[in-house]
Amino acid sequence: MKTKQIADGIYMLSMNVEDILFEGIWSIANGVTLNSYIVKGEKTALVDGVIGWDGAVDTLYASLKEIDVDPSKIDYVIVNHMEPDHSGWIDNFKKINKDFKIICSPKAADLLDSFFGIKDNVTAVKDGATLDLGNGKILSFHLVPNVHWPDTMMTLDEESKTLMSCDMYGAFGKIEEHFFDDEMTDVEKDNFEEEGIRYFSNVMGTFAPQVGKAIEKTETLDVKIIAPGHGPIYRGNPQSIINDYKRYCSYRMGKGKNEISILWGSMYGMTERVVKEIREMLEKDGIKVNSLQMPYVDTSDMVSAIFRSAGVIIAAPTYEYKLFPPVAVALDEIGRKKISKKAAFCFGSYGWSGGAQKEIMELIEKYKLGWDFVEPVEFNGRASDEELQIIKDGVEKLIEKVKKIAE
Ligand SMILES: Cc1cc2nc3c(=O)[nH]c(=O)nc-3n(C[C@H](O)[C@H](O)[C@H](O)COP(=O)(O)O)c2cc1C
Ligand SMILES: [Fe+2]
Ligand SMILES: [Fe+2]
């Protein structure tokens, strides 16, 4: 765990976590940080903690001692969000500190009881409430319900205008050295944009409307430093992550980069042959293509690529009267994440009766995604030259649609 001072009396403690599935689902090839914060006035407050694993909790205590904080003497724990990646440690903490108070939202108070049986010394705050730690350190609390969970809030240090934003403004990706935006190289910034989109699409995407409200709230707070629970701290240009988050919200609602993702699968190569032709055609046109062959491509990467692309091509054969299952599973996940209003086109091979294209439309309808489709093409066995031409014409039409919505 690394410790860094980020403003007068405010310290970050950051731990890299790797080799886990985040939320038990998402592979995080490049890890993720769990960021915890200490605010020192006359009293000491800890804002968000770490996951409840023994090793992580011990590391947190050791790091607190490095910045002269005795964990058993911490006065307040501010729980911005009860998800265990931030709050799992509290179960252990109550064994070593008998006298701390918890500040959280009313919804988090219910979860404290149901997760850890904690009822006493809990203050459930209203939006805008403050806590005076003495020595000029006043914290204010800003409820952002359903930014991930119904309990979420953000904590602002009124003096330095540091916003400890928990999941809001977060990103995947571990950090070894450069924790602040103004220290990062251009390559690191690009990596964090990619990891930010992956985090947003995997974890936050479903809640984009509520994220939009949290952005509006942030803009009323005159924030100078944004200190999330995952990823880098923005002190050089806090507006940059606010703008990025606005952009990510728009990707969920139909905008996208000038990229086309091909979500595809093939059993014996009939559909694959056409995918290859289409891919070459798009690349010749200078369009960035993400080739997502299911089930080989990781779900986290698949969701992230579809999320950020203005255009999507679904190419899959019929399997037992329905859509090739790995592509159906992928589309189901895209539906759960409510990735809406993309420009799209689909095609695929069938042997006797077909059915894949019908199920694609059923899934889009089921999740009310409102994708704007070019007329689908279903071909029998190997696509003829004529069918190939019809598919290429379909791709041209898709490119026109993508041009209208790409940023
Ligand atoms: C396990 C399996 C199940 C299939 N089920 C159907 C089906 O229900 N209806 C149909 O029209 N074709 C069905 N087919 C035929 C394929 O859709 C057809 O062979 C197609 O050309 C495969 O394209 P691909 O090589 O891109 O996988 C099935 C093929 C396999 C191997
Ligand atoms: Fe969360
Ligand atoms: Fe989190």
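Fair warning: this is a prediction, and the values are worked out from it, not measured in the lab.

Draft legend 1. Seen up close, the pattern of salt bridges. For the coordinates displayed, the defined rule picks out 27 salt bridges. Measuring nitrogen to oxygen at the nearest pair gives 3.3 Å for the salt bridge that ties Lys 392 to Glu 277. One end of the pair, Lys 392, is in helix α12 (residues 385-405); the other, Glu 277, is in helix α8 (residues 270-284), and 115 residues separate them in sequence. Of the residues examined, Lys 392 reaches a relative accessible area of 23% and is grouped as partly exposed. By relative accessible area, Glu 277 is classed as partly exposed at 29%. The partner of Asp 332 in a salt bridge is Arg 336, and the shortest N-O contact between them spans 2.6 Å. Taken together, the residues span about one helical turn, with Asp 332 and Arg 336 both in helix α10 (residues 325-336) at a distance of 4 residues. Classification of Asp 332 by relative accessible area gives buried; the value is 17%.

Draft legend 2. Broad picture of the site of ligand 1. Taken together, 17 residues sit near ligand 1, with Ser 266, Met 267, Thr 271, Tyr 321 and Ser 349 positioned nearest. Interatomic distance of 2.9 Å between a backbone N/O atom of Met 270 and an oxygen atom of ligand 1. In the model, a nitrogen atom of ligand 1 is placed 2.7 Å from a nitrogen or oxygen of the Glu 320 main chain. For ligand 1, the accessible surface in isolation is 640 Å², of which the surrounding protein chains cover 84%. Contributing elements (two or more residues each) for the shell around ligand 1: α8, β18 (318-319) and β20 (343-350). Residue classes in the shell around ligand 1 are distributed as 8 nonpolar, 8 polar and 1 charged.

Draft legend 3. View of the coordination of the iron ion (ligand 3). Note on the iron ion (ligand 3): its protein donors are Asp 85 (OD), His 86 (NE2), Asp 167 (OD) and His 230 (NE2). The metal-donor distances range over 2.1 to 2.2 Å. Considering all 4 donor atoms around the iron ion (ligand 3), the spread of angles at the metal, 84 to 176°, places the coordination shape in the irregular class. Between the iron ion (ligand 3) and the iron ion (ligand 2), both coordinated by Asp 167, there is a metal-metal distance of 3.5 Å. Looking at Asp 85, the relative accessible area reads 6%, which means it is buried. For His 86, a relative accessible area of 1% translates into the label buried.

Draft legend 4. Up close: the packing of helix α5 (residues 186-204) against helix α9 (residues 299-308). It is at 9 Å that the axes of α5 and α9 come closest, and there the two elements cross at 100°. The pairing of α5 with α9 is recorded here as roughly perpendicular in orientation. Judged by residue contacts, Ile 197, Arg 198, Phe 200, Ser 201 and Asn 202 of α5 engage Ser 300, Asp 301, Val 303, Ser 304, Phe 307 and Arg 308 from α9. Counted by class, the contact of α5 with α9 contains 4 nonpolar, 4 polar and 3 charged residues.

Draft legend 5. Structural context of the coordination of the iron ion (ligand 2). Only His 81 (NE2), Glu 83 (OE), His 148 (ND1) and Asp 167 (OD) from the protein coordinate the iron ion (ligand 2), and they sit 1.9 to 2.2 Å from it. Relative to the metal, the 4 donor atoms surrounding the iron ion (ligand 2) lie at angles of 84 to 165°, and the coordination shape comes out irregular. Read from N- to C-terminus, the donor residues coordinating the iron ion (ligand 2) fall into the pattern H-x1-E-x64-H-x18-D.

Draft legend 6. Summary view of the sheet that holds strand β9 (residues 122-124). Ordered by their spatial adjacency, 7 strands build an open sheet running β1-β2-β5-β6-β7-β8-β9, and the pairing between neighbours is mixed. The strands lining the two open edges of the sheet, one partner per strand, are β1 (2-7) and β9. Here the average twist between neighbouring strands, direction ignored, is 25°. Seen against the sheet, helix α4 (residues 106-116) touches β8 (101-104) and β9 and runs at an angle of roughly 130° to β8.

Draft legend 7. Quick look at the packing of α10 against helix α11 (residues 356-366). Taken N-terminus to C-terminus, the directions of α10 and α11 make an angle of 15°; their axes are 9 Å apart at the nearest point. When the axis of α10 is compared with that of α11, the two are roughly parallel. In the crossing of α10 with α11, the sense of the turn from one axis to the other is right-handed. Contacts from Ala 328, Leu 331 and Asp 332 of α10 reach α11 at Glu 359, Ile 360, Leu 363, Ile 364 and Lys 366. Of the residues belonging to the contact of α10 with α11, the class tally is 5 nonpolar, no polar and 3 charged.

Draft legend 8. Expanded view of the UniProt feature "domain: Flavodoxin-like" (unreviewed entry) in the protein chain. UniProt marks residues 260-399 with the feature "domain: Flavodoxin-like" (unreviewed entry), using the numbering shown here. Secondary structure content for residues 260-399 is 45% helix and 26% strand, and the end C-alpha separation is 9 Å.

Calculation notes
Numbering of residues starts from 1 in every chain and runs along the sequence as written. Following the order in which they are written, the chains are lettered starting with A and the ligands numbered starting with 1. Given that this is a predicted model, residues contribute local features only at a pLDDT of at least 70 and side-chain atom pairs are listed and counted only at 80 or more, while totals for whole chains, interfaces and linings are drawn from all residues. Think of the side-chain values as coming from all heavy atoms in the structure, minus any hydrogens and water. Basic side-chain nitrogens of Lys or Arg form a salt bridge, by our definition, when they fall within 4 Å of a carboxyl oxygen of Asp or Glu. A helix here means a DSSP run of H or I that spans at least four residues, while a strand means a run of E at least two residues long, and both kinds are numbered starting from the N terminus. Accessibility here uses a 1.4 Å probe with only protein chains present; expressed as a share of the type maximum, an area under 20% marks a residue as buried, one over 50% as exposed, and anything in between as partly exposed. For each residue, the test is whether any non-hydrogen atom lies within 4 Å of the molecule or strand; if one does, the residue is near. Polar contacts here mean pairs of N or O atoms no more than 3.5 Å apart (in protein, one a potential hydrogen donor and the other a potential acceptor; neighbouring residues in sequence count only if both atoms are side-chain atoms). Here the accessible surface of atoms and residues is derived via Shrake-Rupley with a 1.4 Å probe, and residues count as covered only by protein chains that are part of the display. Lys, Arg, Asp and Glu make up the charged group, whereas Ala, Val, Leu, Ile, Met, Phe, Trp, Tyr, Cys and Pro make up the nonpolar group; the residues left over, Gly among them, are polar. Metal sites are built from N, O and S donor atoms within 2.8 Å, or 3.2 Å for Na, K and Ca, and they leave out water, so they may look incomplete. For a four-donor site, all angles between 85 and 135 degrees give tetrahedral; for four or six donors, opposite pairs above 155 degrees with the remaining angles between 65 and 115 give square planar or octahedral; all remaining cases count as irregular. The axes used here are C-alpha line fits, helices contributing only the stretch in contact, and every angle between their N-to-C directions lies in the interval 0 to 180 degrees. Orientation categories follow fixed angle ranges, with anything under 35 degrees roughly parallel, anything over 145 roughly antiparallel, 65 to 115 roughly perpendicular, and all other angles oblique. Here, two residues are considered to be in contact whenever any of their heavy atoms come within 4.5 Å of each other. For two strands to count as paired, DSSP must find a minimum of two bridges between them. In a left-handed crossing the near helix is turned counterclockwise from the far helix by less than a right angle, and in a right-handed crossing that turn is clockwise. UniProt positions are given in the numbering used here, feature names are shortened, and annotations may be inferred rather than shown by experiment.

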